[in-house]
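# Observations on the model geometry
Below are the chains, spelled out letter by letter.
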Amino acid sequence: MNNTIEDMAARLTRVRGVRAVALGGSRARGAHRPDSDWDLGLYYRGNVDVAALTALASEATGGPVDVAGPGGWGPWVDGGAWLSVNGAQVDWILRDLNRVERVWAECLAGRFETGMQPGHPLGFWSPAYPGEVALCRVLADPAGELTKLRQQTRKYPEPLRRALVDVAWEAEFSVAAAAKSARACPADALHVSLCLSRAFGVLVQALHAHHRVWCLNEKGALAAAAAFPGVPADFAARVSSALAGLDAAAVESAGELVREVRARLV
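Everything in this summary refers to the structure shown in the same document. Remember, it's a predicted structure, so these values are computed and weren't measured experimentally.

### Some details on the overall build of the protein chain
Of the regular secondary structure elements, the protein chain holds 12 helices and seven strands. The globule rule puts the C-alpha radius of gyration for 266 residues at 18 Å, and the 20 Å found for the protein chain is close to it. Considered along the principal axes of its C-alpha atoms, the protein chain spans approximately 60 × 40 × 30 Å. Every one of the 266 residues in the protein chain was classed for burial, and the buried ones make up 47%. Residue pairs in contact within the protein chain that sit at least 24 positions apart in sequence constitute 64% of those at least 6 positions apart. Taken as a whole, the protein chain presents about 12,700 Å² of accessible surface, with 53% of it coming from carbon and sulfur. Measuring between centres, the 28 positive side-chain charges of the protein chain sit 5 Å from its 28 negative side-chain charges.

Encoded structure:
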């Protein structure tokens, strides 16, 4: 399968607009299982030839494939396709290289943004773009553009670290909002769950930044944060307990955990 992916990457860079292809996800980090997906980032500039991508995808799978062009999957995930190649799941994910570079420049200045995006219940945090580059394995990069950017993103920017740590104040704010709903009769379970999820999500982002580790999405982020030095040993269990309870006691417990972790983010 490795040879198939390498050949696919080389062919993809011959499609108009595609500048580089990178392997991402667990396979790039060496943390994959035998059945893990192959996540390919297709970095493009300008207008990408979606028709050519569709033809290549159909050839690889042996059947019709729907390739979503730029913006087809939302403002941040962009577009791509889900393929089944020789029994393996291969995901193409479009990335506008110009936009990734702009986001990187903002991160260097300590600025980031979040946007609503299907598949990202806590929103898409813009630092994920340079994080994907930093953690990827470049497969094909004829002009060396992605390779150059990857070298830059390997060092976590201090201004971004400070900005993401500072935003941890929102975790306490969200817990306070949850407390009001938890005191209601009956408690507003939806609002409480959303507030606590937001609080813990923000806290996890801050913990990653504090330790200068890129956080790419919500999946696995809690377990990763729980393994950082200085984090309470029962961090993940306390988060899970609060999210399962959703009552006044759970909210109080969540507040204690947030304050305890924030005190360590110095």
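### Thoughts on the pairing of strand S5 (residues 114-117)
The two faces of S5 differ: Gly115 and Gln117 on one face are buried, but Thr114 and Met116 on the other face are not. Two strands pair when backbone bridges link them, and S5 and strand S6 (residues 120-125) are joined in this way by three bridges, in the antiparallel orientation. Bridge pairing in S6 places Gly115 opposite Phe124. Where S5 folds back onto S6 in an antiparallel hairpin, the turn is made up of two residues, including Gly119, whose phi is positive at roughly 90°.

### What to know about unusual backbone geometry
Despite not being glycine, Asn86 shows a phi value in the positive range, around 55°. Tracing the chain through its elements places Asn86 in the loop between strand S3 (80-85) and strand S4 (88-96). One non-glycine residue, Leu246, adopts positive backbone phi at about 55°. Inspection of the secondary structure puts Leu246 in the loop between helix H11 (235-245) and helix H12 (248-262). Given a relative accessible area of 19%, Leu246 falls into the buried group.

### Thoughts on the packing of aromatic side chains
This model, assessed by the stated rule, comprises eight aromatic pairs. With centroids separated by 5.5 Å and ring planes inclined at 40°, the aromatic side chains of Trp73 and Trp82 adopt a geometry described as tilted. In this structure an aromatic cluster arises from ring pairing among Trp76, Phe124 and Tyr129. Arg27 extends its terminal NZ or CZ atom over the ring of Trp38, reaching a point 4.0 Å from the ring centre. Over the ring of Trp76 we find Arg99, and its NZ or CZ is 3.9 Å from the ring centre.

### Structural notes on the pattern of salt bridges
Once their charged atoms are close, side chains differing in charge can pair, the charge on each being opposite to the other. Tallied over the full model, the rule gives 16 salt bridges. The salt bridge partner of Arg16 is Asp49, with a shortest N-O separation of 3.9 Å. Taken together, the residues Arg16 in the loop between helix H1 (2-12) and strand S1 (18-24) and Asp49 in the loop between strand S2 (38-44) and helix H3 (50-61) connect sequence positions 33 residues apart. Looking at Asp49, the relative accessible area reads 21%, which means it is partly exposed. Through salt bridges with shared partners, a single network forms among Arg19, Arg45, Glu101 and Glu145.

### What to know about the environment of Ala236
Mapped onto the secondary structure, Ala236 falls in helix H11. Separated by 11 residues in the primary sequence, Ala236 and Ala225 have C-alpha atoms spaced 8.4 Å apart.

### Comments concerning H3
In this model H3 runs 16 Å from its N-terminal to its C-terminal C-alpha over 12 residues, within 8% of the 16 Å that 1.5 Å per residue would give. Along H3, the residues that are buried comprise Leu53, Leu56 and Ala57. Axial view of H3: buried residues confined to an arc of 100°, hence all on one face. Exposed side of H3, more than 90 degrees from the buried face: Ala51 and Glu59 are the residues found there. Next to the buried residues of H3 lie H1, S1, S2, S3 and S4. Looking at where H3 begins, the residue whose side-chain oxygen comes 3.3 Å from the main-chain nitrogen of Ala51 is Asp49. Backbone geometry just after H3 places Gly62 at a positive phi near 80°.

### With respect to the sheet that holds S1
Taking strand neighbours across the sheet as the criterion, the five strands line up as S3-S4-S2-S1-S7 in an open arrangement whose pairing is mixed. In the strand order of this sheet, the two ends are held by S3 and strand S7 (137-140), each with one partner. On average, each strand axis in the sheet is tilted by 30° relative to the strand beside it, whichever way the strands run. The sheet contact formed by S2 and S4 spans seven bridges and is parallel. Across the sheet, Tyr43 pairs through a bridge with Arg95, a residue of S4. Sheet strands touched by helix H4 (residues 97-108): S1, S2 and S4. Its angle to S4, the strand with the most contacts, is close to 70°.

What counts as what
Residues numbered from 1 in each chain as written. Predicted model: local features only at pLDDT ≥ 70, side-chain atom pairs only at ≥ 80, totals over all residues. Heavy atoms only, no water. Helix = DSSP H or I, 4+ residues; strand = E, 2+ residues; numbered from the N terminus. Rg over C-alpha atoms; globule rule 2.2 N^0.38 Å. Buried < 20%, exposed > 50% of the residue type's maximum accessible area, 1.4 Å probe, protein only. Contact = heavy atoms within 4.5 Å. Areas by Shrake-Rupley, 256 points an atom, 1.4 Å probe, with all protein chains shown as cover. Lys, Arg positive; Asp, Glu negative; His and termini not counted. Charge placed at Lys NZ, Arg CZ, Asp CG, Glu CD. Pairing = 2+ DSSP bridges. Phe/Tyr/Trp six-rings, centres within 6.5 Å; stacked < 30°, edge-to-face > 60°. Lys NZ or Arg CZ within 6 Å of the ring centre and 35° of its normal. Salt bridge = Lys/Arg side-chain N within 4 Å of Asp/Glu carboxyl O. Expected span 1.5 Å × (residues − 1). Arc of directions from axis to C-beta. Polar contact = N/O pair within 3.5 Å; in protein donor to acceptor, adjacent residues only side chain to side chain. Axes fitted to C-alpha atoms, helices over the stretch in contact; angles between N-to-C directions.

By themselves, these observations are geometric and do not establish any function.
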